[in-house]
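Here's the letter readout for the chains.
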Amino acid sequence: MAFISSGYNTEKPMENRITDIGPRNFEEFYPPVIKKNKGKWLYHEILEPGVLVHVSETGDEVYTIRVGGCRLMSVSHIREICEIADKHCDGYVRWTTRNNVEFMVDSKDKVEPLKKDLESRKFDAGSYKFPVGGTGAGITNIIHTQGWIHCHTPATDASGTVKVVMDDLFEDFGKMRFPAQVRISMACCLNMCGAVHCSDIAILGYHRKPPMLDHEYLDKMCEIPLAIAACPTAAIKPSKVDVKGKEVKSVAVNQERCMFCGNCYTMCPSMPLADKEGDGIVLMAGGKVSNRISNPKFSKVVVGFLPNEMPRWPSMVKSIRQIVEAYAAGANKYERIGDWAERIGWERFFEKCQLEFTHHLIDDFRDPAYYTWRQTTNFKF
Ligand code: SF4
Ligand code: SF4
């Protein structure tokens, strides 16, 4: 047997192999009641906003309390979540795709103490650390992207815009007064890490100016062919420029072709396009992934541009509130925002939401895929 000094058996390279590459198998982390009833769940109900029960054919029940989380959490906040999970849920906790945290217990009598504990925990300024809600026909937690804190191409902030919208709509996170759920999403540039293309209401950061060119440093900082290749509209070409009497290699941008996507800046830091006046927010509405009532649909632009009004973005918050209230007042039960707008007509949607319709909102994009791709997940045989 060929051992080396660390105990590594060269003939059995996988034996006792310890690795930190990739996550552990998620099945190791199931709460026992989930593991035991896998594939046996009969139904689930929302008992009240933020509280769900799942019932198994074995008679077992799981009660879940959903609380709103945020995308960027401090270590001390996560430690507190773990402490609550240890105290009430035998150490088990889960995160949802919309940044919620879910605490699960296996009997009804454990629900109230857990809920009371969660609601009693507040930040120093008085706001809830663990607001209960985000289920059913209410505002679900907003998913968002990196924003100014972490990415290089945002046209607006992500955490900041989401914070102000949720501050305004917070009551509806813990209620279910709408005809159906309202999913709000946020992406801070049109690369759209935030899936805003299919949300009921979408906040999208938008650049309106082509990249600036720092000719002096461009060839020193960047691989010019890579910057040229990065442009999806072929707007960039090589060029020679005079800088302080010396000819340097650089690029030229055909401004008519530029669609302000920021791909070139990803490749070349000497082509920044962030701009105080040029950058701002587009609002979209009516998208969804669900098949219910109508096909899944893309969100449509409903507010062409709003300036970046830091730190509270009042125009954006007001427009979103207008859409939410008009929808709550006018939609039929189970209709999502897009279903409602299509039933009453988009012209009426703009009237009801008190939004201005301008020519900027007309989508004249036609792609060959329009005719060739199947555009819905609804199949009829
Ligand atoms: Fe960066 Fe754009 Fe993603 Fe925002 S949406 S994190 S700016 S790539
Ligand atoms: Fe091309 Fe996008 Fe850069 Fe404009 S911003 S030059 S479209 S890569």
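This text goes with the structure placed above it.
The rules behind these values
- Residues numbered from 1 in each chain as written.
- Chains lettered and ligands numbered in written order.
- Predicted model: local features only at pLDDT ≥ 70, side-chain atom pairs only at ≥ 80, totals over all residues.
- Heavy atoms only, no water.
- Helix = DSSP H or I, 4+ residues; strand = E, 2+ residues; numbered from the N terminus.
- Contact = heavy atoms within 4.5 Å.
- Areas by Shrake-Rupley, 256 points an atom, 1.4 Å probe, with all protein chains shown as cover.
- Lys, Arg positive; Asp, Glu negative; His and termini not counted.
- Charge placed at Lys NZ, Arg CZ, Asp CG, Glu CD.
- Axes fitted to C-alpha atoms, helices over the stretch in contact; angles between N-to-C directions.
- Left-handed = near helix turned anticlockwise from the far one by under 90°.
- Nonpolar A, V, L, I, M, F, W, Y, C, P; charged D, E, K, R; others polar.
- Near = heavy atom within 4 Å.
- Expected span 1.5 Å × (residues − 1).
- Parallel < 35°, antiparallel > 145°, perpendicular 65-115°, else oblique.
- Disulfide = S-S within 2.5 Å.
- Buried < 20%, exposed > 50% of the residue type's maximum accessible area, 1.4 Å probe, protein only.
- Phe/Tyr/Trp six-rings, centres within 6.5 Å; stacked < 30°, edge-to-face > 60°.
- Pairing = 2+ DSSP bridges.

Description of the overall build of the chain
Assigned secondary structure in the chain consists of eleven helices and eleven strands. Projected onto its principal axes, the C-alpha positions of the chain cover 80 × 75 × 55 Å. When contacts within the chain are restricted to residue pairs at least 6 apart in sequence, those whose partners lie at least 24 apart make up 64%. Roughly 21800 Å² of accessible area belongs to the chain as shown, and the carbon and sulfur atoms make up 55% of that amount. Treating the 49 positive side-chain charges of the chain as one cloud and the 48 negative ones as another, the clouds have centres 2 Å apart.

Observations concerning the packing of helix H4 (residues 159-173) against helix H8 (residues 314-330)
Each pair of packed helices gets described by two things: the angle between the helix axes and the distance between those axes. Interaxial distance between H4 and H8 falls to 10 Å at its minimum, and their mutual angle equals 35°. Considering only the axes of H4 and H8, their crossing is right-handed. Listed contacts from H8 to Thr161, Val164, Val165, Asp168, Leu169 and Asp172 of H4 are Met316, Val317, Ile320, Arg321 and Val324. Grouping the amino acids of the contact of H4 with H8 by side-chain chemistry returns seven nonpolar, one polar and three charged.

Examining the site of ligand 2
Surrounding ligand 2, one finds Cys231, Pro232, Thr233, Ile236, Cys258, Met259, Phe260, Cys261, Gly262, Asn263 and Cys264. A class-by-class count of the residues in the shell around ligand 2 yields eight nonpolar, three polar and no charged.

Considering helix H2 (residues 75-88)
In this model, H2 (14 residues) spans 20 Å end to end at C-alpha, consistent with the 20 Å of a helix rising 1.5 Å per residue. In the core, the buried residues of H2 are packed alongside strand E4 (94-95), strand E5 (100-105) and helix H3 (111-120).

Overview of unusual backbone geometry
Residues Met310 and Pro311 are joined by a peptide bond in cis, for which omega reads 5°. Within the element layout of this structure, Pro311 appears in the loop between strand E11 (300-307) and H8. Of note in this structure, Asn99 is not a glycine but carries a positive phi near 65°. Looking at the secondary structure, you find Asn99 in the loop between E4 and E5.

Observations regarding the packing of H8 against helix H9 (residues 337-344)
Here H8 crosses H9 at 70°, and the two axes come no closer than 11 Å. Viewed along their axes, H8 and H9 adopt a mutual orientation that is roughly perpendicular. Relative to H9, H8 is oriented so that their crossing is left-handed. Judged by residue contacts, Ile323, Ala326, Tyr327 and Gly330 of H8 engage Ile337, Trp340 and Arg343 from H9.

Points about the state of the cysteines
A complete count under the given rule lists one disulfide for this structure. Between the sulfur of Cys222 and that of Cys268 lies a disulfide, 2.1 Å long from S to S. The sign of the 65° torsion about the S-S bond sets the Cys222-Cys268 disulfide as right-handed. Of this pair, Cys222 sits in the loop between helix H5 (215-221) and helix H6 (224-230) while Cys268 sits in the loop between helix H7 (263-267) and strand E10 (280-285); the two residues are 46 residues apart in sequence, bridging distant segments of the chain. The pair formed by Cys222 and Cys268 is uniform in burial state, with each residue classed as buried.

Section: the packing of aromatic side chains
Evaluation of the coordinates by the stated rule reveals nine aromatic pairs. Ring centres 6.0 Å apart and planes at 75° place the aromatic pair Phe26 and Tyr30 in the edge-to-face group. When the ring of Trp148 is compared with that of Trp313, the centres are 6.3 Å apart and the planes differ by 35°; the resulting orientation is tilted. You can see Trp148 sitting in the loop between H3 and H4 and its partner Trp313 sitting in the loop between E11 and H8, a full 165 residues away along the chain.

Side note on the sheet that holds strand E2 (residues 51-56)
Taken in spatial order, the five strands line up as E1-E2-E3-E5-E4 in an open sheet, and their pairing is antiparallel. The open sheet is flanked by strand E1 (41-48) and E4, the only strands paired with a single partner. Here six bridges tie strand E3 (residues 61-68) to E5, and the two strands are oriented antiparallel to one another. Looking across to E5, one finds that Thr64 is bridged to Met104.

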